[in-house]
Amino acid sequence: MDAANYLYLSALLFTIGAVGVVVRRNAIVVFMCVELMLNAANLAFVTFSRINGDLNGQVVAFFTMVVAACEVVVGLAIIVTIYRSRRSASVDDASLLKR
Amino acid sequence: MTTSNSLVYLIALPLLGATILLLAGRRADKWGHILGTLMPASSFAVGLYQLSLMLGRSTEERPVGQKLFEWISVGSFKVDAGLLLDQLSICFVLLITGVGTLIHIYSISYMSHDKDRRRFFAYLNLFIAAMLLLVLGDSYLNLYVGWEGVGLASYLLIGFWNQKPAYATASKKAFVMNRVGDMGLSFAIMIAFATVGTVSFAGIKEQVDQTSTGALTAIGIMLLVAAAGKSAQFPLQAWLGDAMAGPTPVSALIHAATMVTAGVYLITRSNFIFDAAPTAQLLVVIVGAITLLFGALIGTAKDDIKKALAASTMSQIGYMTLAAGLGPVGYAFAIMHLLTHGFFKAGMFLGAGSVMHGMNDQVNMRRYGALRKFMPITFVTFGLGYLAILGVPPFAGFYSKDMIIETAFDAGGIKGILLGSVTLLGAGITAFYMTRVMILTFTGTKRWEEDAHPHESPWLMWLPMAILAIGSVSSGFLLSRGDALENWLHPLFSHSEEYQKHLLEPIVVSALALTMVAIGVAIAFFKYSRQEVAAVAPENVSVLTKIARQDLMQDRFNEAVFMRPGAQLTKALVKTDEAVIDGAVRGVGQLAMNSGSALRGVQSGFVRSYAALIFVGAALLIGAIWVVVQ
C-alpha cells in the first residue's frame, strides 16, 4: 500500500482539526480538535519513519503523546476553572485580554 | 645643555603664594599682601642668581634646562614638562619678577581700602607663576599651559571688581578674544606635531630645513594669530581698551609690561620658523605696522587716561611686532623696546593710578588739570616715562625706538621706505597724544569735580614709580651701550654675515624722528595748552575724531562681521537642532507609538482569531519556503 495515502489522511485530519479550532466555540470541542491536529502530526511522523526505515519518527510520536497528555491535564484544569467562574465553556466569552 | 635644579623655584614660589592665599581665605587677610609680595621678590632673587650663574659661563653653555617630569608619552609622541632658561627667557624672567615685585609693593597701598586685597594678591601671584611658565617652557605645549594661565589670571583680574556688570563684561570680552588667539596657538602646535613630529623649540629648530615651507608658513600664521590675540594686535586688538576695567596695578603689570608682550616673545622665540617662512614674516610686519598706527590714532581721542595709555601700549607693541617681523636684524630691537617699554609704560600706568588715587578714582582727563603742584613726585616720574616713550635722548625710548625706525628703513626697497615712514609717523602721533595726556593731567587750569582733594600718594606707591622712572631713564642706555643686549641675544638668532649699507644714516633717522616728535608735541601744545580745555568732551568735533573716540569702529566692525553672523548661526543651529535632530529622535518614538496603536487592533482577545492568525502565518511561512525551495 502506498505510504503517501497515510500522509493524505494525516493532512486531512490536520485540516479538520484546524478548521474545528477556528470555527467551534465550545472549549471542549476546540480542545479535541487540537488533539486531532496533534494526532495528525503523529501519523505523519510514523509514516515518515516507515518511509525512511528508521525509528526516529516513532520516538518523536511517543514524545508527542507525553506532551499531549500533559496538555490535556493543564488544559482541562483551565477549562473547568473557567467554567466554574463564568458558567460557560465558550472560548469567545473568555476574551478579557484585549486592548 | 647645562642643567639646573633651581629653575622650578622661579615658578613654584609665586604659585605657592597663590595657593596659600586662595586656600587660607579670610584668615590670611592680615598678612596676605606681605606674603604675596615676598613670593615674586624671592623669584626675582632666584632670577638674579641664575643671571649671575649665566654670566659666569661661556656663551655656548649659557642656556640652562631642567626636566621636571615625563608629561605625555603616547606612541612616538613624547613631551616632557621641561624648563629652559636662556638669554631670551632671562630677560623676561627679570622683567616679570622685577616689575612684578614693584607693582606688588605698589598694590599694598593702592588696594589697602579694598576688602578683597588678599584675593587680589593671590591672583597677581598666579599671574606671575603662569607668565614665568610661559617664558620658561621648553616646548610649545609647555608654553601653552602658561599662555592659558596668564589668560585666566588676566580674566580674573580685569573682572576683579565684577560687582559692576560693565567690568564683568570687559573681562569676558578679553577672555573670549584671547580664546581666538589661543586657538591659533593650538592649531600651530597641532600643525607642528603633524608635520615636524615634535613640539619642542629645540626639536623644531633642528628640523626646520627638512620641513616644507608651506607647513612652516601655516605654523607661522597660526603663531601670529596667537600673538595678535594675546598682544592686542590687529585684528584682535579690541579687548585691550576694555581691559582697563581692572585695577590700575593690573593694567600696569599685565596689560602694559608683561602679558601683552607675550606675543612678541612668541614670535621672537619662534624666530627659526619665521626666518624660514617669509610670507608669515611679512604678515607679522604688516600686522605690526597697522596696529602701531591704529593704536596711536585711538590714543589721540581718548579722554580716559587709562584707555589713552592702553591705546599707546597697543601702538608700542605694534612697534615690537614690526621689529620682530623684520627678521634676525630686528629681534634684539623688539626685545629691547619690550624691556624699556616695560619700564616706562608700567611707570606711567602706576602714575595714572596715583592720579586716580588722589582724584576719587576719576579717570576722565578733562576733569584733571594743574595737578603738577599737588602731586610733584607723580608728575616727575610720569614725566620721565613721557620723555622715554617720546624717544627724547638720552631716555630709554630713544635707543629702542630709533633702532626700530632705523631697521625698518633698512628693510629695503619700497617696503623699507613704507615701514620707515609708518614708524616715523607713529612716533609723531605718539608725541601728540602723550603730550595731550601730560597737558590735560598736570598743567592748565583746575577742572576738578567739587569733592576732589588731590594729594601725593604714600611712599609705598611712589617708591615703585620712582624705581621704574629710573629704569625709564637709564634702561635704554644700559641695554644698548656697546650693543649689550644685541650681543647677549646674538647666539639665539640666525645671522646673515653680509654687511648691509644703511638706507639712512642713524643720525639722520634720529633727526627725522625727533622732528616728528617735535611736530607732535607742538600741535598738542597749541591745541590743548593755548586754548581752554572743555571739562566735558565737545560734541561738535570732526568725523575723524568721532570715529577715533569709538576706537576706530573696532567694536562695531566685530559686531557686524563676527557677532551678528555668529548669533544668526547660533539661532540657525538651534533651529536645526530642534527641527532635525530632536525631530528625528521624537519621530522615531512617534513612529513606534503610532504603529503600536495601529497594530493594537489585532489584539481582539478572541482565542479563535489568534489561532486563525497563527494558521495564516504558518501557511505563509510554508508558502515562502515552498517558493524558495522551488
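Residues numbered from 1 in each chain as written. Chains lettered and ligands numbered in written order. Predicted model: local features only at pLDDT ≥ 70, side-chain atom pairs only at ≥ 80, totals over all residues.

1. Comments concerning the overall build of chain A
No. 1: Secondary structure assignment for chain A yields three helices and zero strands.
No. 2: Rg of the C-alpha trace for chain A: 16 Å, well past the compact-globule value of 13 Å for 99 residues, more than 25% over.
No. 3: Dimensions of chain A, computed from C-alpha atoms along their principal axes, come out at roughly 50 × 25 × 25 Å.
No. 4: Going through the 99 residues of chain A one by one, you find that 12% of them count as buried.
No. 5: Taking the contacts inside chain A whose residues are at least 6 apart along the sequence as the reference set, 47% of them involve residues at least 24 apart. (Helix = DSSP H or I, 4+ residues; strand = E, 2+ residues; numbered from the N terminus. Rg over C-alpha atoms; globule rule 2.2 N^0.38 Å. Buried ≥ 20, exposed ≤ 12 C-beta atoms within 10 Å, placed from the backbone. Contact = placed C-beta atoms within 7 Å.)

2. Things to note about the overall build of chain B
No. 1: Check the secondary structure of chain B and you find 24 helices and three strands.
No. 2: By the burial criterion, 50% of the 630 residues in chain B qualify as buried.
No. 3: Within chain B, residue pairs in contact and separated by at least 24 positions form 81% of the contacts whose partners lie at least 6 positions apart.

3. Looking at the interface of chain B and chain A
No. 1: Counting from both sides, the interface comprises 10 residues of chain B and, opposite them, 10 residues of chain A.
No. 2: Of the residues in the side of chain B that touches chain A, the class split is five nonpolar, three polar and two charged. (Nonpolar A, V, L, I, M, F, W, Y, C, P; charged D, E, K, R; others polar.)

4. A closer look at the pairing of strand β2 (residues 64-74) of chain B
Residues and elements named next belong to chain B.
No. 1: Relative to β2, strand β1 (residues 2-3) runs parallel, the two being bridged by two bridges. Within the sheet, the bridge partner assigned to Thr 3 lies in β2 and is Gly 65.
No. 2: Bridge count for β2 against strand β3 (residues 77-85) is nine bridges, and the pairing is antiparallel. The residue bridging Ser 73 from the neighbouring strand is Lys 78, located in β3.
No. 3: Here β2 folds back onto β3 in antiparallel fashion, the turn holding two residues, of which Gly 75 has a positive phi close to 60°. (Pairing = 2+ DSSP bridges.)

5. Here's the deal with the sheet that holds β2 of chain B
No. 1: Here we have three strands laid out as an open sheet, ordered β1-β2-β3 (chain B), and mixed in their pairing. Pairing within the sheet leaves two strands with one partner each, and these edge strands are β1 and β3 of chain B.

6. Some details on helix α3 (residues 87-110) of chain B
No. 1: Its 24 residues place the ends of α3 of chain B 34 Å apart at the C-alpha level, agreeing with the 34 Å of an ideal helix rising 1.5 Å per residue.
No. 2: For α3 of chain B, a buried count of 20 out of 24 residues is recorded, marking the element as mostly surrounded by other parts of the structure. (Expected span 1.5 Å × (residues − 1).)

7. Thoughts on the nonpolar core
No. 1: Core analysis: the biggest nonpolar cluster contains 193 residues, and Phe 127, Met 131, Leu 132, Leu 136, Leu 223, Leu 322 and Ala 346 of chain B have the highest contact counts within it.
No. 2: Apart from residues no more than four positions distant in its own chain, Ala 346 of chain B is found in contact with Val 99, Ile 103, Ala 252, Leu 253, Ala 256, Ala 257 and Leu 468 of chain B.
No. 3: Within the second largest apolar cluster, seven residues are counted, among which are Val 21, Val 30, Phe 31 and Cys 33 of chain A. (Core = buried A, V, L, I, M, F, W, Y, C linked by C-beta atoms within 7 Å.)

8. Quick notes on the packing of helix α8 (residues 213-230) of chain B against helix α13 (residues 278-301) of chain B
Residue and element names in this part refer to chain B.
No. 1: Interaxial distance between α8 and α13 falls to 8 Å at its minimum, and their mutual angle equals 20°. It follows that α8 is roughly parallel to α13 by the angle criterion. Where α8 crosses over α13, the two elements pack in a sense that is right-handed. Residues Thr 217, Gly 220, Ile 221, Leu 224 and Ala 228 of α8 lie in contact with α13, whose contacting residues are Thr 279, Ala 280, Leu 283, Val 284 and Val 287.
No. 2: Grouping the amino acids of the contact of α8 with α13 by side-chain chemistry returns seven nonpolar, three polar and no charged. (Axes fitted to C-alpha atoms, helices over the stretch in contact; angles between N-to-C directions. Parallel < 35°, antiparallel > 145°, perpendicular 65-115°, else oblique. Left-handed = near helix turned anticlockwise from the far one by under 90°.)

9. Here's the deal with the UniProt feature "transmembrane region" (unreviewed entry) in chain A
Residues and elements named next belong to chain A.
No. 1: As recorded in UniProt, the feature "transmembrane region" (unreviewed entry) lies at residues 6-23, 28-48 and 60-83.
No. 2: Helix and strand shares over residues 28-48 are 100% and 0% respectively, and the end C-alpha atoms of the span are 30 Å apart.
No. 3: Spanning residues 60-83, this segment combines 100% helix with 0% strand, and its end C-alpha atoms are found 33 Å apart. (UniProt positions renumbered as here; feature names shortened; annotations may be inferred.)

10. Quick word on the environment of Val 176 of chain B
No. 1: Position of Val 176 of chain B relative to the elements: it lies in helix α6 (residues 165-195).
No. 2: Distance from Val 176 of chain B to Gly 151 of chain B, taken between C-alpha atoms, is 9.8 Å for residues 25 residues apart in sequence.

11. Overview of the environment of Asn 271 of chain B
Residues and elements named next belong to chain B.
No. 1: Of note, Asn 271 is situated in helix α12 (residues 271-275).
No. 2: C-beta crowding within 10 Å serves as the criterion here: with 21 such atoms nearby, Asn 271 is assigned to the buried category.
No. 3: Expressed as a C-alpha distance, the spacing of Asn 271 and Val 473, which sit 202 residues apart in the sequence, is 30 Å.
No. 4: With sequence-adjacent residues up to four places away left out, Asn 271 is seen in contact with Tyr 331 and Phe 493.

12. Regarding the packing of α3 of chain B against helix α4 (residues 117-136) of chain B
For any two helices packed against each other, the geometry comes down to the angle between their axes and how far apart the axes lie.
Residue and element names in this part refer to chain B.
No. 1: One can describe the packing of α3 onto α4 by two numbers: an axis separation of 9 Å at closest approach and a directional angle of 175°. Relative to α4, the element α3 lies roughly antiparallel. Contacts between α3 and α4 involve Ser 89, Phe 92, Val 93, Ile 96, Thr 97, Gly 100, His 104 and Ser 107 on the former and, on the latter, Phe 120, Leu 124, Ile 128, Met 131, Leu 132, Val 135 and Leu 136.

13. Some thoughts on unusual backbone geometry
All names here are of chain B.
No. 1: Cis geometry is adopted by the peptide bond preceding Pro 235, which originates at Phe 234 and carries an omega value of 5°.
No. 2: Following the sequence through the fold, Pro 235 ends up in the loop between α8 and α9 (239-242).
No. 3: The amide bond that connects Pro 393 to the next residue, Pro 394, takes the cis arrangement and shows omega of 5°.
No. 4: Turning to its location among the elements, Pro 394 is positioned in the loop between α16 (376-390) and α17 (396-409).
No. 5: Not every positive phi belongs to a glycine, and Asn 360 is a case in point at roughly 55°.
No. 6: Tracing the backbone through its elements, the reader meets Asn 360 in the loop between α15 (328-358) and α16.
No. 7: The backbone of Asp 361 sits at a positive phi, close to 60°, despite the residue not being glycine.

14. So, the confidence of the model for chain B
No. 1: Mean pLDDT over chain B works out to 87, with 99% of the residues at or above the 70 mark.
No. 2: Of the two predicted TM-score estimates for the complex, the pTM is 0.78 and the ipTM is 0.85. (pLDDT = per-residue confidence, 0-100.)

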